Amino acid sequence: MTEQSNVINIDGKEYNQEDLDMTQKYLINQIKDLQIKSGNLKFQLDQLTVAQNAFTNSLIESVKKEKVKDD
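Residues numbered from 1 in each chain as written. Predicted model: local features only at pLDDT ≥ 70, side-chain atom pairs only at ≥ 80, totals over all residues. Heavy atoms only, no water.

**Let's talk about the overall build of the chain**
How we decide: Secondary structure follows DSSP: runs of H or I at least 4 residues long count as helices, runs of E at least 2 residues long count as strands, and numbering of each begins at the N terminus. Our radius of gyration looks at C-alpha atoms and nothing else; its globule reference is 2.2 Å times the residue count to the power 0.38. Surface exposure here means Shrake-Rupley accessible area, sampled with a 1.4 Å probe, where a residue is shielded only by the protein chains that are shown. His is not counted here, nor are the chain ends, while Lys and Arg score as positive and Asp and Glu score as negative. For charged residues, the charge sits on one atom: NZ in Lys, CZ in Arg, CG in Asp, CD in Glu.
Counting secondary structure elements, the chain contains one helix and two strands. Starting at the N terminus and ending at the C terminus, the chain contains elements arranged as β-β-α. The C-alpha atoms of the chain give a radius of gyration of 24 Å, which is well past the 11 Å a tight globule of 71 residues would have. Considering only C-alpha atoms, the chain reaches an extent of 75 × 30 × 20 Å along its principal axes. Accessible area of the chain: about 6900 Å², with a carbon and sulfur share of 55%. For the chain, the distance from the average site of its 9 positive side-chain charges to the average site of its 12 negative ones is 7 Å.

Written as structure tokens, this is what we have:
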């Protein structure tokens, strides 16, 4: 099991999280949570994009088949 790093890098300078105050630790936790949420939303957007493309392609194929029948 790997040990989680308690050092963050801001503008090229390393800070040990244990040395930060409560507000700074809170802000780090907010940022981490937002990064996770952002990643989850990107994942969901990928799924939605693929699904939308599949439905769009199905509609296009359906219309093309109908047009061939009418000719």
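**Some words on the pairing of strand β2 (residues 13-16)**
What counts here: Between any two strands, at least two bridges found by DSSP are needed for them to pair.
Relative to β2, strand β1 (residues 7-10) runs antiparallel, the two sharing four bridges. Each bridged residue has a counterpart across the sheet, and for N9 the counterpart in β2 is E14.

**Quick notes on the pattern of salt bridges**
Selection criterion: Salt bridge, as applied in this entry: a Lys or Arg side-chain nitrogen positioned within 4 Å of an Asp or Glu carboxyl oxygen. Think of it in three bands: with a 1.4 Å probe and only protein chains considered, a residue is buried below 20% of the maximum accessible area for its type, exposed above 50%, and partly exposed in between.
Enumeration according to the criterion identifies one salt bridge in this entry. A salt bridge links K37 to D33, with the nearest nitrogen and oxygen atoms 3.1 Å apart. In this pair, K37 and D33 both sit in helix α1 (residues 22-70), four residues apart, roughly one turn of the helix. When its relative accessible area of 31% is taken as the criterion, D33 is described as partly exposed.

**Regarding the environment of F55**
Relative to the assigned elements, F55 resides in helix α1. With 47 residues separating them in the primary sequence, F55 and I8 have C-alpha atoms 44 Å apart.

**Here's the deal with unusual backbone geometry**
Unusually for a residue other than glycine, D11 sits at a positive phi of about 55°. As for its placement among the helices and strands, D11 is situated in the loop between β1 and β2. Its relative accessible area of 81% is what places D11 among the exposed residues.

**Focus: α1**
Let me state the cut-off plainly: A helix is expected to span 1.5 Å multiplied by its residue count minus one. What qualifies as a polar contact is a pair of N or O atoms within 3.5 Å, subject to a donor-acceptor requirement within protein and to the restriction that residues adjacent in sequence count only when both atoms come from side chains.
Its 49 residues place the ends of α1 71 Å apart at the C-alpha level, agreeing with the 72 Å of an ideal helix rising 1.5 Å per residue. The backbone nitrogen of T23 lies 3.1 Å from a side-chain oxygen of the residue at the head of α1, namely D21.

**As for the side chain of Q17**
To keep it simple, the criterion reads: In what follows, a contact means two residues having at least one pair of non-hydrogen atoms within 4.5 Å.
Along the chain, Q17 turns up in the loop between β2 and α1. Q17 has contacts with S5, N6, I8, K25, I28 and K32, leaving out every residue within four places of it along the chain.

**Some words on the environment of K37**
Look at K37 and you get partly exposed, because its relative accessible area is 45%. As a C-alpha pair, K37 and V7 span 30 residues in sequence and 22 Å in three-dimensional space.

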